[in-house]
Every structure is written in structure tokens, then in C-alpha cells.
Amino acid sequence: MLKSQESPATASAMWAGCASDSRIVVKAGTALLTSGGEHIDIEVMASLVGQIARLHSRGSEVLLVSSGAVAAGRRVLGVSDDGGNLPLKQALAAVGQGHLMHTYEQLFSWQQIPIAQGLISQRDISDRLGYINIRNALMELARRRVVPIINENDVVAIEELSGEVFGDNDRLSALVANLVDADLLIILGRVDGLFTADPNIDTDARHIPLVERLTEEEVNRLGGPSMDALGRGGMRTKLQAAQMAANSGVDVFIANGRMPNVIQRIADGEHLGTFFPKRVGSVESRKRWMLSGLSIKGEIGIDDGAVRVLQRRHGSLLPAGITKASGVFGRGDLVSIVNGKSAQVGLGITNYSAAEVAAIKGRHSRHIADILGVTYGDEVVHRNNMVIV
């Protein structure tokens, strides 16, 4: 449910800012970094770096998720229109990423802050081991006072270039915030947060200062088409990213990156843009990985009684409450748990394969061994291996 559309005072009261030793993820999209044009705007980059440097100097750990490689490549190769040509986009990303990092390195060196490049694709974090390895590397860099500059690996991950995965790094920023147990995620674009309609078209559009929860229908209605010609995200992917991060215990702001000192002002407790307060406290690493949702292999449908057991009593999922099993998954795989309306209730690691769940659905746990000839426990998904969303 969308809440607090017209209450900036309430929204401000819920946000008190970050402690000096907080861990903050900042995401800068293509449209912001290019100021809506075709090429990177050095003044915008310098402003972002200056703000991050001020937070860094007071003890905060800051990670920057930056788009812009393709836009940087356009300038180098003199290309203004790629025409949807994926190999050309890959080439632009390959050329532009080096130039983008060189610019960041110069800007941060003037602040005497070391940086590191992190190129990440979906396959890198979709398995548990990859997730842990990347998490450890990013956490170590942050501890050593290095600012990681993170981007989707566009050279090899063409899904992102075609707009099918991270959405101009919006989702990637939420995954990074999830990875490193961030306190705050700031998603910066060229709009002043979320509105009831596109403010560029509808003069009656009202700003929404606070969002506690959005339904999928509200995400689709309020997200609308992208208002940024060069970006691959738009508001819909920002909303999805904000929901993901808030579900994993991270406070989120979607704000206008052109606003003076926007990063520092938000970190200091000023309410700018739209605030998505975290919905849970600290979440253990394994459950954060589940919430990333990148490794979902299938779906288990449950009845209303099972929904109540999971949501209200925090119980395990037993076969009696299961109505269906979809997809191809095995024991130990991550599955989505949905209600009768196909709305996601939770995520969990299953003790049984898809075929086994289909065979025992609706039956009492005591019949598992008789039906399958073997049992791996009474629970299809144990509560310790489950996250409710």
C-alpha cells in the first residue's frame, strides 16, 4: 500500500540522518552524469566526488555505483546513435569504461582518496559463493578507506545493455547495498523523487515524500515510461530497487542529483526527494542473499492458511499448505513462495525438488516417506532458511 503521499513533515520525522561511521551506497545514473545530453558532464562528476569526499573525511564508508560507460564511449568514438546495436554498445562500454574510471581517478586523487573499479554481472552474484566473494572484497575495500566505483559489466553482460537486468544500474545499486549491509542507499537521477504522475506532463502531479510499501500495481502505475532518454532505468526500476533495498534493511532515498550537496544533506538528516524507510532491522548475510532474488529457480504456491502461518507465526512451510510447484528446482535451490493470487510472500531454500514438492503438496508431513520413499524432514522450507517479504 502506498502511504504518506502528502505528509512531508511525517517523512522528515522518520529520517534522522546517518552516523559518521555509516556505510552509504550512492547510485548515479547516465541521465544525471550526462546532464541529459550524449556525453559525460565533468562538472556533475566533480560535484558528486566532492560530496562523497566530505562524507569520507568524517568517517563514512561510501561506495559509488556509476553508470556512464557507454556515454563516455560515445564521445571517444564519435558515435551519437547506436541504433540498438548490441555489439556496438559493448564496444562503446569497453572504450568508455576506461575513460570513465580515469576521470574518477583524477577527481578522487585531488581529494587524496584511493578508488577501485568493480565490474559486476548478474552471474557473478547469482550463486551463494560468488555473492560472498564479492561481498568480502567490497567490505575490505571500504574498511581500507577505498571508494569502490561499481558498474555493470556491459562488455560481457548484454542483458543490461538491452535493458533486461539491472535497469541502468538501479537494481545493481540495491544489490550492492544488500551485499555490504549498507545503512543508506541514495539513488540519484534528474527528477525530484516519486510523483503521483509524470511532472513533465501532468501539472497536477504531486510529490510523494514517503513510501512505506508499494504494490506491484502501484509500481507499474507510478513508474511509467522512462523520462530519461539515455538511461535504461526510469522510475519503475528505481522503485523496484528501492523496494528491494528497504526489504533487506537499508534506508533509501530517490532524489535529484542536480540539487546542491544532495548526498551530504540527506546523510545529515535533511529530507530530499522520496524516502523509503527500511522494513526490517539487520538481516543476516544468507537472508540478504535470498532477498536479492537473483538465484530463484522456481515457485511454490501456498494456500491462505499457510500464508497466515508464515506471516503471523513465523513458522516453516509444510507440504499440507502447498498448492503447486512451478519451474525446475532441486534440493537446496532458492524458490519464491507465492499466495493464491501469485503475489510473493517470501523466499526460501527448499528441502525438496520440484517433482517431490508436486508429489507431496497438500499432504501431511507424516506421509512424505510413504510417497517419496525417503524424507528430508517435515518442512519443505524451514523457517531458518526463509525470508518473508
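Throughout what follows, the structure given in this document is the object of discussion. Counting of residues starts from 1 at the beginning of each chain's written sequence and follows it residue by residue. A pLDDT threshold of at least 70 governs which residues receive local features in this predicted model, and a stricter bar of 80 or more applies before side-chain atom pairs are shown or counted, although totals over entire chains, interfaces and linings include all residues. Based on all heavy atoms of the structure, the side-chain values leave hydrogens and waters out of the count.

### Brief notes about the sheet that holds strand β11 (residues 322–327)
Remark on secondary structure: sheet strands pair via backbone hydrogen bonds, oriented parallel or antiparallel. Across the sheet, which stays open at both edges, the five strands sit in the order β11-β10-β12-β13-β14 with mixed pairing between neighbours. Strands at the two margins of the open sheet, each flanked by one partner only, are β11 and β14 (386–388). Between one strand and the next, the sheet's axes are offset by a mean angle of 20 degrees, whatever the strand orientation. When strand β10 (residues 296–302) meets strand β12 (residues 334–338), the two strands line up parallel, connected through five bridges. Across the sheet, E299 pairs through a bridge with S336, a residue of β12. If DSSP finds at least two bridges between two strands, the strands pair. Each helix is a run of DSSP H or I of at least 4 residues and each strand a run of E of at least 2, with the numbering of both proceeding from the N terminus. Helix axes use the C-alpha atoms of the stretch in contact, all axes being lines fitted to C-alpha atoms, and the angles between their N-to-C directions lie in the range 0 to 180 degrees.

### Focus: the layout of surface pockets
A 1.4 Å probe that fits into a set of points on a 1 Å grid over the protein atoms alone but cannot get out defines a cavity; an open set with protein on both sides within 12 Å along at least five of seven lines defines a pocket, and lining residues are those with an atom within 4 Å of a point. Grid points are joined across faces, edges and corners, and a volume is the space filled by probe spheres set on the points. The computed volume of the second largest pocket comes to approximately 290 Å³. Along its surface, the second largest pocket is lined by twelve residues, and K287, H314, M386, V387 and I388 are the ones closest to its centre. Looking at which element gives the most residues to the lining of the second largest pocket, the answer is β14, with three residues. Along the lines of polarity and charge, the residues of the lining of the second largest pocket split into seven nonpolar, three polar and two charged. Under the convention adopted here, Pro, Cys and the residues Ala, Val, Leu, Ile, Met, Phe, Trp and Tyr are nonpolar, Asp, Glu, Lys and Arg are charged, and Gly plus all remaining residues are polar.

### Topic: the packing of helix α3 (residues 42–57) against helix α5 (residues 86–109)
Remark: α3 packs on α5, axes separated minimally by 10 Å, with the N-to-C direction vectors making an angle of 50 degrees. Judged by the angle between their axes, α3 and α5 are oblique. Taken as a pair, α3 and α5 cross one another with a handedness that is right-handed. Here α3 contributes I42, M45, A46, V49 and I52 to the contact with α5, which in turn contributes L100, T103, Y104, L107 and F108. Looking at side-chain class alone, the contact of α3 with α5 contains nine nonpolar, one polar and no charged residues. What sets the label is the angle itself: under 35 degrees gives roughly parallel, over 145 gives roughly antiparallel, 65 to 115 gives roughly perpendicular, and the rest give oblique. Note: crossing handedness is left-handed where the near helix turns anticlockwise from the far helix by less than a right angle, and right-handed where it turns clockwise. Contacts are assigned to residue pairs with any non-hydrogen atoms lying within 4.5 Å of each other.

### With respect to the pairing of strand β4 (residues 147–152)
Relative accessibility under 20% of the residue-type maximum defines a buried residue, over 50% an exposed one, and the middle range a partly exposed one, all with a 1.4 Å probe and only protein chains included. For β4, a buried count of six out of six residues is recorded, marking the element as mostly surrounded by other parts of the structure. Where burial is concerned, the two faces of β4 agree: the one with V147, I149 and N151 and the one with P148, I150 and E152 are both buried. The pairing of strand β2 (residues 61–66) with β4 spans two bridges and is classified as parallel. Bridge pairing in β4 links V65 to I150. As paired elements, strand β3 (residues 115–120) and β4 share six bridges and run parallel to each other. For I115, the partnering residue across the bridge sits in β4 and is V147.

### Overview of unusual backbone geometry
A positive phi is found at R145, a non-glycine position, where the angle reads about 65 degrees. Take R145: it is sitting in the loop between α7 (128–143) and β4. In this structure, D181 takes a positive phi of about 55 degrees despite not being glycine. The class of D181 is partly exposed, set by a relative accessible area of 24%.

### A short note on helix α4 (residues 69–77)
Considered for burial, the residues of α4 that qualify are A69, V70, A71, A72, G73 and R74. Downstream of α4 by one or two residues, G78 has phi in the positive range, about 70 degrees.

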